[in-house]
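# Coordinates in review
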Amino acid sequence: MARANDEAAALIQELADLLSITGGDAFKIRAYEKAARAIAGHPDDIAGLDLAGLRKIPTVGEAIAKKVLDYNTTGTIRQVEELRLQIPAGVRALTEIPTLGPKKALAVYEELGISSVDELATAIQEGRLRGLKGFGAKTEDNIVRGIELMRSAGERVLVDAAAGVADEIVAALAALPQVERCAHAGSLRRMRETIGDVDVLAASRDPHPIMEAFTALPLVAEVIAGGDKKTSIRTAKGLQVDLRVVPPESWGAALQYFTGSQAHNIRTREIAVKAGLKLSEYGLFHAESGDLIVSATEEEVYERLGLPWIHPALREDGGEIEAALAGDLPRLVTAEDLRGDLHSHTDLTDGTAPLDAMVAAAHARGLEYYAITDHAPDLFMQRMTDDKMLAQREQVRELQGEYPGMTLLHGTELNIGPDGEVDWDADFLSGFDVCVASVHSHFTQDQAAMTRRLVRACENPHVHVIGHPTARSIGRRPPVDADWDEVFRAAARTGTAMEVDSFPDRLDLPADLIRRAKRLGVVFAIDTDAHSVGHHRNIRYGVGTAQRGWLTPDDVINTWPLDRLRTFLAKRTT
DNA sequence: GCCGTTTTCGGCCCGACTGTTTTCAGTCG
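Residues numbered from 1 in each chain as written. Chains lettered and ligands numbered in written order. Predicted model: local features only at pLDDT ≥ 70, side-chain atom pairs only at ≥ 80, totals over all residues. Heavy atoms only, no water.

In the nomenclature of an unreviewed UniProt entry, chain A is known as DNA polymerase beta of Actinomadura rubrisoli. Word for word, the UniProt comment on chain A under Cofactor (unreviewed entry) is "Mg(2+)". (UniProt positions renumbered as here; feature names shortened; annotations may be inferred.)

Encoded structure:
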């Protein structure tokens, strides 16, 4: 699935990583890192660009453009290959150990010949790090614990797990008398699909009791670092939480800073520097006099930098600064924009709640329309039959009378077979109000077969939405391999929507593919795929993913009024 | 290595905390 852009960007990033170990110029390393991001996020396929075309990519100059050309012709970059010979892959892996960065990795490699995490663990056991300059008893101890952490937990968690921890901590701290404001920031506020650590921000003039209350919370298993401005803990499940306490008047600048991303912050600070200003978590200051200009709200900080407020979901240095400067920021879709949900299940198949409970939950969300889409017969374990489906349709029509303000749609989630065929013939399919079609098996087909399969499903006039298109399960199953641009072109051509599935372990389409699909003219449906009443709450994660994909309300068919949606659904079969 | 109404050289975001040092380097975000 990797595009040339992604592969070239990964090589440039590797070049930066390798240079940081060999002690290359820090600014050169940063230049590579910036260019890697720009290449990964560039809308055009770099495989088709010449030197001049490549140099038009921001932060890509002569030298990096030539390296990308090198990649285009040879499939690799010569300098990367050379550095790989100097620095074994295992030495790079050492920098994955928390508290062990490039300098210490190079030290143990050069002084002791250590080139893997296992060798390092053994060397520490044998006491061979003793006496090495810069390696004291505490450092040794931290490395041992870092290796343990890396080998056990320490991996990123799903967004709902992080949100649960953040909500608990924010609720506890907000109740303290010293706390004036408290909120989560970081990658969770940006709604990244997985979260490495949770950032919590509090505003107060009296930080000490807050830090004490924080480290005394029942979920705290270990205190990693403790100061009056910043304290870090780890939960029993291995999730790190950083709490920063700032003066109340710094709230806006601090929220901007701690929301990140780091790449976005570098861009905003560069803008500040060019304007003779200095931006930190404490505010926006005059560089020379040090006088404070603004700091109370994020809006003020961005405004004084000459930018409109930028939604957290966009803050990845993925083109949002350029769009903001040009006045082209999208008005992102929100949960309030959603009028309906087009994908949900009941206990007729693998849901756990009966039809009436699911409909009541949808009504409680304030939806104007709601589709029940139980599985179709090709998923044999669900034991669906024509009669059962028709009986459910009758129940849906009867239930409609109880919900005059919400239109119930009867649909189904079809199974896309290995050849792209779906359950039921055209005649039976035409009886549904809406059909979602999804891949549920044969995940490992090669790219050509999978592409044909998805294109064929799009071309089926009865299929309105492709459900969880990549079929990935975050942390468990990789996305299927397809030529996504070809699939998206088929979806745009046939008027088939791509789903943004809100399940925290799906979030499918992922944000980067959403952006690619949108550029090709695709429309989307943000659905819960709810299998229980509680799953309706997951919609926030689907909306967050759609926002990271730069979607506006108009891109999303279930923000449309019912009449417009019906027109969209109907034109497919005429 | 990139960049430029401070343009072809001299800059390049900013701060907190830790550990090993006696004033600072390394790591992290």
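Right, picking up where we left off after that structure.
Here the focus is the packing of helix 2 (residues 26-40) against helix 4 (residues 62-74). At their nearest, the axes of helix 2 and helix 4 sit 11 Å apart, and the two run at 55° to each other. With respect to each other, helix 2 and helix 4 are oriented oblique. Here the hand of the crossing between helix 2 and helix 4 comes out right-handed. Across the interface between the two elements, Ala31, Tyr32, Ala35 and Ile39 of helix 2 pack against Ile64, Lys67 and Val68 of helix 4. When the residues that make up the contact of helix 2 with helix 4 are grouped by side-chain class, the tally is six nonpolar, no polar and one charged. (Axes fitted to C-alpha atoms, helices over the stretch in contact; angles between N-to-C directions. Helix = DSSP H or I, 4+ residues; strand = E, 2+ residues; numbered from the N terminus. Parallel < 35°, antiparallel > 145°, perpendicular 65-115°, else oblique. Left-handed = near helix turned anticlockwise from the far one by under 90°. Contact = heavy atoms within 4.5 Å. Nonpolar A, V, L, I, M, F, W, Y, C, P; charged D, E, K, R; others polar.)

Structurally, the position occupied by Arg472 is in the loop between strand 15 (465-467) and helix 21 (484-494). One polar contact links Arg472 to Glu193, side chain to side chain, over a distance of 2.9 Å. If sequence neighbours within four positions are ignored, Arg472 has contacts with Glu193, Arg477, Pro478, Pro479, Asp505, Arg506, Leu507, Asp508 and Pro510. (Polar contact = N/O pair within 3.5 Å; in protein donor to acceptor, adjacent residues only side chain to side chain.)

Of all residues adjacent to DNA strand B, which total 47 residues, the nearest are Arg30, Gly61, Gly136, Tyr257 and Arg269. Considering DNA strand B, the proportion of its atoms within 4 Å of the protein that are sugar or phosphate atoms stands at 72%. Between Lys138 and DNA strand B, the recorded distance is 3.5 Å, taken from a backbone N or O atom to a phosphate oxygen. Between DNA strand B and the protein, one listed contact pairs a phosphate oxygen with a side-chain N or O atom of Lys278 at 2.8 Å. Looking at the surface near DNA strand B, the elements with two or more residues in it are helix 2, helix 4, helix 7 (102-112), helix 9 (137-151), strand 5 (220-226), helix 14 (262-274) and strand 8 (277-280). Among the residues forming the surface near DNA strand B, the class breakdown is 18 nonpolar, 12 polar and 17 charged. (Near = heavy atom within 4 Å.)

Turning our eyes to something else, we now look at the pairing of strand 6 (residues 230-235). Summarising burial for strand 6: five of the six residues are buried, a large majority. Here strand 5 hands over to strand 6 after three residues, the two strands then running antiparallel side by side. Direction of pairing for strand 6 relative to strand 7 (residues 240-246): antiparallel, over a ladder of five bridges. Residue pairing across strands places Ser232 opposite Asp242, the latter belonging to strand 7. Hairpin connection of strand 6 to strand 7: four residues between the antiparallel strands, including Gly238 at a positive phi of 90°. (Buried < 20%, exposed > 50% of the residue type's maximum accessible area, 1.4 Å probe, protein only. Pairing = 2+ DSSP bridges.)

The five strands lie next to each other as 2-4-7-6-5, forming an open sheet whose pairing is mixed. In the strand order of this sheet, the two ends are held by strand 2 (181-184) and strand 5, each with one partner. Direction aside, neighbouring strands of the sheet carry axes that sit 20° apart on average. Relative to strand 7, strand 4 (residues 197-203) runs parallel, the two sharing seven bridges. Looking across to strand 7, one finds that Leu201 is bridged to Arg244. Across the sheet, helix 10 (residues 159-174) touches strand 2, strand 4, strand 6 and strand 7, and the angle it forms with strand 2 is around 175°.

Moving on, we get to the environment of Ala391. For Ala391, the position within the fold is in helix 18 (residues 386-400). Relative accessible area serves as the criterion here: at 38%, Ala391 is assigned to the partly exposed category. Sequence separation of Ala391 and Asp160 is 231 residues, and the distance between their C-alpha atoms is 36 Å.

Here we come to the packing of aromatic side chains. Under the counting rule described, the total for this entry stands at six aromatic pairs. The interplanar angle of 85° and the centroid separation of 4.6 Å between the aromatic rings of Tyr257 and Phe258 together place this pair among those described as edge-to-face. Taking relative accessible area as the criterion, Tyr257 reaches 25% and is therefore assigned partly exposed. The interplanar angle of 70° and the centroid separation of 5.9 Å between the aromatic rings of Phe428 and Phe432 together place this pair among those described as edge-to-face. Each member of the pair, Phe428 as well as Phe432, carries the same accessibility label: buried. Three or more aromatic residues joined by ring pairs make a cluster, and in this case those are Trp424, Phe428 and Phe432. Across the ring face of Phe432, the terminal group of Arg393 is positioned such that the distance to the ring centre comes to 4.7 Å. It is Arg477 that lies over the ring of Phe443; its NZ or CZ is 4.0 Å from the centre. (Phe/Tyr/Trp six-rings, centres within 6.5 Å; stacked < 30°, edge-to-face > 60°. Lys NZ or Arg CZ within 6 Å of the ring centre and 35° of its normal.)

Turning next to the sheet that holds strand 11 (residues 340-341). Taken in spatial order, the seven strands make up an open sheet running 11-12-13-14-15-16-17, and their pairing is parallel. At either end of the open sheet lies a strand with only one pairing partner, and these are strand 11 and strand 17 (524-527). Pairing analysis gives three bridges linking strand 14 (residues 434-438) to strand 15, with the strands arranged parallel. Residue pairing for strand 15: Ala437 is matched across the bridge by Ile466. Lying on the sheet, helix 17 (residues 355-364) is in contact with strand 12 (369-375) and strand 13 (407-415); it crosses strand 12 at an angle near 145°.

Under the counting rule described, the total for this entry stands at 33 salt bridges. Its salt-bridge partner being Arg190, residue Glu316 comes within 2.8 Å of it at the nearest N-O pair. Highlighted residues: Glu316 in the loop between helix 15 (298-304) and helix 16 (320-325) and Arg190 in the loop between helix 11 (186-189) and strand 3 (194-195), separated in sequence by 126 residues. Classification of Glu316 by relative accessible area gives partly exposed; the value is 23%. Judged by its relative accessible area of 7%, Arg190 is buried. Through salt bridges with shared partners, a single network forms among Glu14, Asp17, Glu81, Arg84 and Arg92. (Salt bridge = Lys/Arg side-chain N within 4 Å of Asp/Glu carboxyl O.)

Those residues of helix 7 that sit buried are Ala105, Leu106 and Val108. Taken around the axis of helix 7, the buried residues stretch over an arc of 165°, which confines them to a single face. Residues Lys103, Glu110 and Glu111 are exposed on helix 7 and point more than 90 degrees away from its buried face. Tucked into the core, helix 7 has its buried residues touching helix 1 (4-22), helix 6 (89-94) and helix 8 (117-125). Positive backbone phi, approximately 70°, marks Gly113, located one or two places after helix 7. (Arc of directions from axis to C-beta.)

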